Amino acid sequence: MINCYCLCHFYFLNRVNCSFYFKIGACRHGDRCSRLHNKPTFSQTIALLNIYRNPQNTAQSADGLRCAVSDVEMQEHYDEFFEEVFTEMEEKYGEVEEMNVCDNLGDHLVGNVYVKFRREEDAEKAVMDLNNRWFNGQPIHAELSPVTDFREACCRQYEMGECTRGGFCNFMHLKPISRELRRELYGRRRKRHRSRSRSRERRSRSRDRGDRGDRGGRGGRDRERRRSRDRERSGRF
């Protein structure tokens, strides 16, 4: 008779991977999911779980009634949050390729921030440090995320304004920042890249001139030696 332990062990070893966790780094079933959540041991992307709080969802007055937050106020609040986190990530840990914030309402996605670094080493360093820090009165829970292609993780219907599931969709509803902030943050990075490229070009040109100078110097010395030998043969100085 096969005991329960053997059956459970066989079931665990033969579970298939959870496609939702693989695509979006989160699953609505959490640890209760019947499929495997293979957490990466290295990745360019980190997830800061439930860290962004949309004021339109949380604002309340002293008597418990909902407070109206205008779209303009909400966008200003979000841009300030985004800039603060983006700048902190780049200054402390390394170059950020992409950062996205979920606007979903489901517990597994609400307020999640995904930061994709250029280097995996920077992502690992960020996770180790951030799990010892607090933000906005709450401890930060950071982890490496399997998400590297956000096009696969996003809800395409939401991007076209056609998602019928609303905030409880299981795919990412990414909250956009203002155009001005996007130009400022990502334009700053492009300027740094252009500056590095120009520096590399200047160093390369300098090396080329040095090589040509060396070749010219050697050629001049060779010619002088040949002239000296010719003069010696002909008895001239």
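This text follows the structure it describes.
As the structure is a computational prediction, the values presented were derived from the model and not from experiment. Residue numbers restart at each chain and count upward from 1, following the sequence in its written direction. Reporting in this predicted model follows two pLDDT cut-offs: at least 70 for local features of residues, and 80 or more for side-chain atom pairs to be given and counted; totals over whole chains, interfaces and linings ignore these cut-offs and use all residues. Side-chain measures were taken over the full set of non-hydrogen atoms in the model, leaving aside hydrogen atoms and water.

(A) Representation of the overall build of the chain. Under the scheme used here, helices are H or I runs from DSSP no shorter than 4 residues and strands are E runs no shorter than 2 residues, and both carry numbers assigned from the N terminus. Scanning the chain from terminus to terminus reveals eight helices and six strands. Along the chain direction, N to C, the helices and strands of the chain fall in the order α-α-β-α-α-β-β-α-β-β-β-α-α-α. For the chain, the proportion of its 237 residues judged to be buried stands at 34%. Residue exposure ignores everything except the shown protein chains as possible cover, and the areas themselves are Shrake-Rupley values with a 1.4 Å probe. A total of about 16,300 Å² of accessible surface is found on the chain, and carbon and sulfur atoms cover 49% of it. Type-normalised accessible area, obtained with a 1.4 Å probe on protein chains alone, sets the label of each residue: buried when under 20%, exposed when over 50%, and partly exposed for intermediate values.

(B) Focus on the packing of aromatic side chains. Stacked, tilted and edge-to-face pairs are distinguished by plane angle, under 30 degrees for stacked and over 60 for edge-to-face with tilted covering the rest, among Phe, Tyr and Trp rings (Trp via its six-membered ring) whose centres lie within 6.5 Å. Scanning the entire structure with this criterion turns up eight aromatic pairs. With 5.2 Å between their ring centres and 70° between their planes, Tyr 52 and Tyr 78 make a pair best called edge-to-face. Of the two residues, Tyr 52 is situated in the loop between strand 1 (45–48) and helix 3 (55–58) and Tyr 78 in helix 4 (residues 71–92); the sequence distance between them amounts to 26 residues. No difference in accessibility class separates Tyr 52 from Tyr 78, as the two residues are buried. Between Tyr 114 and Phe 150, the aromatic rings sit 6.1 Å apart at their centres with planes inclined by 75°, giving edge-to-face as the arrangement. Of this pair, Tyr 114 sits in strand 3 (residues 113–117) while Phe 150 sits in helix 6 (residues 150–153); the two residues are 36 residues apart in sequence, bridging distant segments of the chain. Residue classification places Tyr 114 among the buried residues on the basis of a relative accessible area of 0%. Chaining the aromatic ring pairs together yields one cluster made of Tyr 52, Tyr 78, Phe 81, Phe 82, Phe 86, Phe 135 and Tyr 186. Directly above the ring of Tyr 78 sits Lys 175, whose terminal nitrogen or CZ lies 5.4 Å from the centroid. Charge-over-ring contacts are defined here by two conditions on Lys NZ or Arg CZ: a distance within 6 Å of the ring centre and an angle within 35 degrees of the ring normal.

Purely geometric stuff here, so don't read any function into it on its own.
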